[in-house]
Amino acid sequence: MIKVAIVEDNIRFQSALTNLLKNSDLFEICGVYSTAEEAMLGLSVNQPDIAIIDIRLPDVSGISLIKKARQITTFTQYMICTMHQDDEYIFEALKAGASGYILKDASGDEIKTAIKDLFLGGSPMSPYIARKIINLLHQNEPQTNRYGLSERELEVLKLMSSGLLYKEIANKLFISGNTVKNHLKSVYKKLHVQNKMEAVNKFMSK
């Protein structure tokens, strides 16, 4: 089972999300929190596989929470679930360490699929968010010369930023999964980063 924690102060949405996951045999709720302070205490004791976090919390923003929580959790991955679609929020969330970004208007099935994809190594994003990131990557294509990314490495980076899994990227580019991983290793090395979301964030930085 995938252990999931929810950090959401809107009681209505919090309840809906909790019930959605409780009614599935694939997920186990290991914490539901309404504030960042509660979440920090809970995450330090019951570390989930996935933490779903809203950006707007009553005490500290979800983005700041991710920055702090990453220091006390080892294997937890973080996914933003919010109504905010501004470039600034998206960029800051990725910079803080979020590995997924979905909107609250996503369907129940889309939310469950996003959690599963994140658990399996993907970077799930609502289509609108993925498109914004792709557009930012296109705008920053001249950066390829600065970082020395090859055309194929850039293709892999763009597809990864849209939330595709390694296998899906491999199928789309007609290459093997190991080749995808090797391209990403090269991208990480050239950008001096440790993971996919850091790579996207670094490449989009001016």
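1. Quick notes on the packing of aromatic side chains
Overall, the coordinates contain zero aromatic pairs when judged by the stated rule. A cation over an aromatic ring shows up here: Lys-104 above the ring of Phe-13, its NZ or CZ 4.9 Å from the ring centre.

2. Description of the sheet that holds strand S2 (residues 27-33)
As summarised here, the arrangement of the five strands in space is S2-S1-S3-S4-S5, forming an open sheet in which the pairing is parallel. Two strands bound the open sheet, and with one partner strand each, they are S2 and strand S5 (100-103). Along the sheet, successive strands turn relative to each other by an average axial angle of 25°, direction set aside. Bridge count for strand S1 (residues 2-7) against S2 is six bridges, and the pairing is parallel. Its bridge partner lying in S2, Lys-3 is registered against Glu-28.

3. Considerations on the packing of helix H8 (residues 151-161) against helix H9 (residues 166-173)
For the pair H8 and H9, interaxial distance at closest approach is 10 Å and the crossing angle is 130°. Taken as axis vectors, H8 and H9 run oblique relative to one another. Considering how the two elements wind past one another, H8 and H9 form a crossing that is right-handed. Between H8, through Arg-152, Glu-155, Val-156, Leu-159 and Met-160, and H9, the contact on the second element is made entirely by Ile-169, Lys-172 and Leu-173. Taken together, the residues of the contact of H8 with H9 break down into five nonpolar, no polar and three charged.

4. Some details on the packing of H9 against helix H10 (residues 177-191)
Where H9 contacts H10, the axes come no closer than 8 Å and their chain directions differ by 105°. The angle between the axes of H9 and H10 places the two elements in the roughly perpendicular class. On H10, the residues touching Tyr-166, Ile-169 and Ala-170 of H9 are Gly-177, Val-180, Lys-181, Leu-184 and Tyr-188. For the contact of H9 with H10, the per-class residue count stands at six nonpolar, one polar and one charged.

Each value, and the rule that gives it
In this convention, every chain numbers its residues from 1, walking through the sequence in written order. Local features are withheld for residues below a pLDDT of 70 in this predicted model, meaning they are given only at 70 or higher, and side-chain atom pairs are given and counted only at 80 or more; totals for whole chains, interfaces and linings count all residues. Only heavy atoms go into the side-chain values, all of them from the structure, while hydrogens and water stay out. Note on aromatic contacts: the rings of Phe and Tyr and the six-membered ring of Trp form a pair at centre separations within 6.5 Å, being stacked when their planes are under 30 degrees apart, edge-to-face when over 60 apart, and tilted otherwise. Each ring is checked for a lysine NZ or an arginine CZ that lies within 6 Å of its centre and within 35 degrees of its normal; such an atom marks a charge sitting over the ring. The pairing criterion for strands is at least two bridges between them, as found by DSSP. What counts as a helix is a DSSP run of H or I of at least four residues, what counts as a strand is a run of E of at least two, and both are numbered from the N terminus. Lines fitted to C-alpha atoms define the axes, with helix axes restricted to the stretch in contact, and inter-axis angles between N-to-C directions lie between 0 and 180 degrees. In what follows, roughly perpendicular refers to angles from 65 to 115 degrees, roughly parallel to angles under 35, roughly antiparallel to angles over 145, and oblique to any angle outside these ranges. We call a crossing left-handed when the near helix sits turned anticlockwise from the far one by less than a right angle, and right-handed when that turn is clockwise. The contact criterion used throughout is that any non-hydrogen atoms of two residues lie within 4.5 Å. Just so you know the grouping, Ala, Val, Leu, Ile, Met, Phe, Trp, Tyr, Cys and Pro go in nonpolar, Asp, Glu, Lys and Arg go in charged, and all remaining residues, Gly too, go in polar.

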